[in-house]
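Next come the chains, spelled out residue by residue.
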Amino acid sequence: MENRIENRMKETLPAKFYTDPKYFTEELEQFYFKRWICVGRTEQIGKPGSYFLAEIGGESIIVTRSLEGKIHAFFNVCRHRGTRLCDKESGSFNGRIACPYHSWTYGLDGRLVGAPHMADVVGFSMDNYSLHAVNCDTWDGHIFLDISKAAGKLQDQLGPLQEKFRAWRSEDLLIGKRIAYTVKANWKLIIQNYSECLHCPVIHPGLKKLTHYLSGDNEPLSPHYLGGSMDLNEGVVTMTATGKTDRQIFPHLSAEQRRHVYYYWVLPNLLLSFHPDYVMTHTLWPRSADVTEVICEWHFHPDEFKRADFNCEDAVDFWDAVNKEDWHVSELSQLGIQSRVYSPGPYSHRETLLHGLDSILTGGR
Amino acid sequence: MENRIENRMKETLPAKFYTDPKYFTEELEQFYFKRWICVGRTEQIGKPGSYFLAEIGGESIIVTRSLEGKIHAFFNVCRHRGTRLCDKESGSFNGRIACPYHSWTYGLDGRLVGAPHMADVVGFSMDNYSLHAVNCDTWDGHIFLDISKAAGKLQDQLGPLQEKFRAWRSEDLLIGKRIAYTVKANWKLIIQNYSECLHCPVIHPGLKKLTHYLSGDNEPLSPHYLGGSMDLNEGVVTMTATGKTDRQIFPHLSAEQRRHVYYYWVLPNLLLSFHPDYVMTHTLWPRSADVTEVICEWHFHPDEFKRADFNCEDAVDFWDAVNKEDWHVSELSQLGIQSRVYSPGPYSHRETLLHGLDSILTGGR
Amino acid sequence: MENRIENRMKETLPAKFYTDPKYFTEELEQFYFKRWICVGRTEQIGKPGSYFLAEIGGESIIVTRSLEGKIHAFFNVCRHRGTRLCDKESGSFNGRIACPYHSWTYGLDGRLVGAPHMADVVGFSMDNYSLHAVNCDTWDGHIFLDISKAAGKLQDQLGPLQEKFRAWRSEDLLIGKRIAYTVKANWKLIIQNYSECLHCPVIHPGLKKLTHYLSGDNEPLSPHYLGGSMDLNEGVVTMTATGKTDRQIFPHLSAEQRRHVYYYWVLPNLLLSFHPDYVMTHTLWPRSADVTEVICEWHFHPDEFKRADFNCEDAVDFWDAVNKEDWHVSELSQLGIQSRVYSPGPYSHRETLLHGLDSILTGGR
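Below you will find a few notes about this structure. (Residues numbered from 1 in each chain as written. Chains lettered and ligands numbered in written order. Predicted model: local features only at pLDDT ≥ 70, side-chain atom pairs only at ≥ 80, totals over all residues. Heavy atoms only, no water.)

1. A short note on the pairing of strand 15 (residues 270–274) of chain A
Residues and elements named next belong to chain A. Note the cut-off: Classification of residues uses two cut-offs on accessible area relative to the type maximum, computed with a 1.4 Å probe and protein chains only: under 20% is buried, over 50% is exposed, and between them is partly exposed. Under the scheme used here, helices are H or I runs from DSSP no shorter than 4 residues and strands are E runs no shorter than 2 residues, and both carry numbers assigned from the N terminus. A strand pair is defined by DSSP finding two or more bridges across the two strands.
Judged by how many residues are buried, strand 15 sits mostly within the fold: five of five residues are covered. What you see with strand 15 is no split at all: Leu270, Leu272 and Phe274 on one side and Leu271 and Ser273 on the other are buried throughout. As defined by bridge partners, strand 14 (residues 260–266) adjoins strand 15 across five bridges and the pair is classed as antiparallel. By the bridge assignment, Trp265 is partnered in strand 15 with Leu271. Between the end of strand 14 and the start of strand 15, which pair antiparallel, lie three residues. Sheet topology note: the strand 15/strand 16 (residues 279–288) ladder contains five bridges and is antiparallel. Paired with Phe274 across the bridge in strand 16 is Val279. Linking strand 15 back to strand 16 in an antiparallel pair, the connection comprises four residues.

This is the structure:
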């Protein structure tokens, strides 16, 4: 009986979850403003005063490092007349964040420290005009923000995932390459695409030589992440066009870990792909119901960068091609789902993970 | 008395019929989704498996020919996860329509014939997942679709028009040239412009040498088409810059037919212009209240294509210039009608056809 | 007591005044359609029949001069079928305004004088189909329109301002240069930016050498204009990069007037900047809540144009740079105000004028 229910046909989501601008806005609130989202790497703000901007839901957030080395993040809005404080994507503050309009000046911790010609205004106090801060935390070198300050602890959200990939020592890795893509598809279609390999033999000719699409082994569903592994084919060392690599295999991996690739989605916007010799990350930035920006990065062991012949293009080129194949078919999905005749269709047993994923992403709505 | 009413001043439509996005959407449903619309020529899908896409109201429709030679049309939406099946404007299927995502595969008649990994899903049956079909029919080589499948018979819609231009043997003609225009005007303004020649001496300097703008002779209004003829001036053989042609006059035309050009609008989106030696067609593709794509084609007798010196540029260049003059003034109309001071203006007796046309197009609203 | 209230902290406006499309539309009605707005200079239509177009709120207005030399303005909409009559930004009518579609023809005073094939239409009278006129008036060579015809007298709106800058003889000046800018900011942010110089030392390095930012002396607020003066620094003759000029100082200026620059905002859309040797004007053309087109012109004494070595680039280059600095920071303001965390912030005593300006512009809403 139980089994029959399990086997009962599961279906894709109704169209509104991919096309309705009102639903999109609510969803952004729920998943991007009330949870921890991944915005980048600690490496991007290596020195005090260095900063980068994260943009989500029309908001610009400054992520910076104080003189004490602590990471802070603030809404990019001056408390005087609302001016956006920085408009360069990344850069370095000289110990202070100064508004380009009237020079209201803030410490790297967000406190207002200078406000010209305000001294004699009755009722004004500098203490009341700190920058609007958001919560920050890090895990394995990834910077996470909790914009609403109501998401609880990052550790609680990550749970067992925190220790799972310790062997990769991700916090030490360095960015070798970063590519930004604009994908004309709902962000959930990108996650669904990432979460099944039934499509692999159809659209990824380069992939099937390296891993068999039926070799996937999924973890039981968690409300905070979703993932599994795939077996590297015999003779394949890592995911590159040749299946070979000049890079060192990460030193602490177990024999088991060396024979697999691990694909994990950390809700809502981080995709982690662990390879024997590199880690690939995608962060997803929904721009509208039907447009998502995707930042893909390839991270390598620091020793690799010391080699005169360091070259990461084999890993980059391989996945850049696969990425583009995935974005294209995700865009086709978006187009078809927008049709008046689209209705939920049946999932195969190779796509059961997606039904669970749909449940998480729609919260039962 | 009757005559006084007939002579009473008729006026153009209120602005909302040209500018209101909500009205536009309703109108598209009524005229493009619940009637037969012309989408192309049988020649475009000469062989089994060849196809082209028609796009209307955000929907993409696949028009193809089965192995038995029958024309079929389907919504371009896979029944599995909704993926758009084809994204190239035209091409050829190799006996099957395969989804680019997970290889669900359909016959050219739309039946699902392959669905990987679905065999053991309880409750799933291939019979329930044919492509969503729309009705197809042809007349004189033109392919018509009835998307709602509720439009009745094409023959009933065409009525007496079906036999009227038999002498041109349009089903045998071949496309010599195709030009696509984007016109920033409501589609009804383009039909109104096509339906009167009071503007001809003002904006078409090239036209008045060939036909006199007052020579028009209109048929009584039908709910399905509207048209009339104009006399070719003495010494003028056809509509080209010189009034001459190297092409053969169509062999079955009567003496009367050789001395006229016939302009017919077949509701909602086909304009037919019969000349002694070629047929010009326009199909109209409303994109928004104020944007219409227009596909103009010039069709010639098959024998013409066998001539070493075949050249259709005289007919094409002539009408391309006239088209552009018409689109420009239609765009000016759209702009003016959008003004707060626009109100219905009076039609002259040379524009009475337009009042009837307005009635048909607005259905008394 | 009075003084304490005066000193109480004043704050910037809530975000909706800068971001809400609905509020924007209402505001445009109130300030641009129900008041006199400045659209250009009499010099632009020096001869009878010459014309230019003004575009506001989606409306196109023809401004022209009749054979008797009187200035007229009309909605650019033919009374026949609503066609926009002219689509070139400026030009010359040959004594008549003829519709490009069916040649309905109007006098330069807007009366319908020709309507082909309308003579026998029962109920039609040419008298009923004049162009829709709007009120026109001029002051100091500036052309003003009252589109609603309900704005009262221009003189009443201008009040004491009319005589204030008589010494510049602005009606005689000629345009030396015109630059159009598209600014991604609400039009009120541009006026606020124009109305305080607290930002000058921060963003205008070139300005502070010429005038001290604290030297401003503001007039008491009027409901129709707002302005004040700034002192030229010692040794500075006018606003150019060097502070010098080859042009003659305007001959009728007082000693006092020669030592100042006067900045006046005439509601809603004219900024007047009087210099000892030139007058700069900005007209503001709101396109949406967050986009404004700005036309900046530099006007010089007619005698200057007679000089073989006339060159106005020193004045133009100086202000073009300052303009761009102002537009950039106004765009940053727009971006920050759009944030969810933006809330009204405190004005300093150097920005008190802005609080009054905000009151005028929001009418207590």
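Next comes the rest of the write-up.
2. Concerning the relation of the copies chain B and chain A
For clarity, the cut-off: A least-squares fit on C-alpha atoms brings the copies together, and the residues used are those whose pLDDT is at least 70 in both copies.
The operation relating chain B to chain A is a screw motion whose rotation component is 120°, with 0.0 Å of axial translation and a residual RMSD of 0.0 Å. Taken together, these values place the two copies in the relation of a three-fold axis. Judged by C-alpha distance, Pro21(B) is the residue of chain B that lies nearest the rotation axis, at 10 Å.

3. Notes on the state of the cysteines
Going by this rule: What counts as a disulfide here is a pair of cysteine sulfur atoms lying within 2.5 Å.
Under the definition given, this model contains three disulfides over all chains. In this model Cys197(A) forms its disulfide with Cys200(A); the gap between the sulfur atoms is 1.9 Å. What sets the handedness of the Cys197(A) and Cys200(A) disulfide is the S-S torsion sign, and at about -110° it is left-handed. Here the two residues Cys197(A) and Cys200(A) agree in accessibility, since each one is buried. A disulfide-free cysteine, Cys296(A) has its sulfur positioned 11 Å from the sulfur of Cys312(A), the nearest such atom. In this structure Cys86(C) is a free cysteine whose sulfur lies 9.6 Å from that of Cys99(C), the closest cysteine sulfur available. On the basis of relative accessibility, which here comes to 5%, the residue Cys86(C) falls in the buried class.

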